[in-house]
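# Coordinate analysis (summary)
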Amino acid sequence: MDNKTMSILGLVLAFIFPIVGIILSAIALNKMKQTGVEDGKGLAMAGLIIGIAIMVIGVIASVCTVCMAGAVAAAGGY
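Description of the structure in this document.

## Things to note about the overall build of the protein chain
- For the protein chain, the count of helices and strands is three helices and zero strands.
- When the helices and strands of the protein chain are read in sequence order from the N terminus, they spell out α-α-α.
- On C-alpha atoms alone, the protein chain measures out to a radius of gyration of 18 Å, which is more than a quarter above the 12 Å that the 2.2 N^0.38 rule sets for 78 residues.
- Taking the principal axes of the C-alpha coordinates as reference, the protein chain spans close to 60 × 15 × 15 Å.
- Within the protein chain, the proportion of its 78 residues that are buried is 23%.
- Counting contacts in the protein chain only where the partners sit at least 6 residues apart, residues at least 24 apart contribute 55% of the total.
- About 5100 Å² of surface is accessible on the protein chain, with carbon and sulfur atoms providing 76% of the total.

## Side note on helix α3 (residues 41–74)
- Taking 1.5 Å as the rise per residue, α3 with 34 residues should run 50 Å; its terminal C-alpha atoms sit 49 Å apart, in good agreement.
- What α3 keeps buried is the set Ala44, Gly47, Leu48 and Gly51.
- A positive backbone phi angle near 75° is found at Gly76, which sits one or two residues after α3.

## Looking at the nonpolar core
- In terms of nonpolar packing, the biggest core is built from seven residues, these being Met6, Leu24, Ala28, Leu29, Met32, Ala44 and Leu48.
- Taken together, the elements giving at least two residues each to this core come down to α2 (18–35) and α3.
- Residue contributions to this core peak at four residues, all from α2.
- Not counting chain neighbours up to four residues away, the residues in contact with Leu29 comprise Lys41, Ala44, Met45 and Leu48.

## Some words on the environment of Asn30
- With respect to the helices, strands and loops of the structure, Asn30 is situated in helix α2.
- With 38 residues separating them in the primary sequence, Asn30 and Met68 have C-alpha atoms 41 Å apart.

## Structural notes on a nonpolar patch on the surface
- Side chains of Ile8, Val12, Phe15, Ile16, Phe17 and Val20 sit close together on the surface and give an oily, nonpolar patch of about 570 Å² of accessible area.
- A total of four residues in the nonpolar patch trace back to one element, the largest contributor, which is helix α1 (residues 3–16).
- Of note, Phe15 is situated in helix α1.

How each quantity is defined
Residues numbered from 1 in each chain as written. Predicted model: local features only at pLDDT ≥ 70, side-chain atom pairs only at ≥ 80, totals over all residues. Heavy atoms only, no water. Helix = DSSP H or I, 4+ residues; strand = E, 2+ residues; numbered from the N terminus. Rg over C-alpha atoms; globule rule 2.2 N^0.38 Å. Buried < 20%, exposed > 50% of the residue type's maximum accessible area, 1.4 Å probe, protein only. Contact = heavy atoms within 4.5 Å. Areas by Shrake-Rupley, 256 points an atom, 1.4 Å probe, with all protein chains shown as cover. Expected span 1.5 Å × (residues − 1). Core = buried A, V, L, I, M, F, W, Y, C linked by side-chain atoms within 4.5 Å. Patch = residues over 30% accessible without salt bridge, like charges linked within 9 Å, V, L, I, M, F, W, Y side chains within 5 Å. Salt bridge = Lys/Arg side-chain N within 4 Å of Asp/Glu carboxyl O.

Next comes the structure, spelled out in structure tokens:
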């Protein structure tokens, strides 16, 4: 698979499966560094950044959900 194809897949999958998008984008960037061909570098960087941002937002949302559920349970509300 060439670098540009892997970069596009990394960007698209960053929205659907962030972990896979991060991995593919990182592999594409690594291959670009090794080969010197930088076709799709911006796409790979975008896939990496978006994948990481979505993962961070998911972790924060999960922590907030658990904290809110704990607060409701402690208050005897549910």
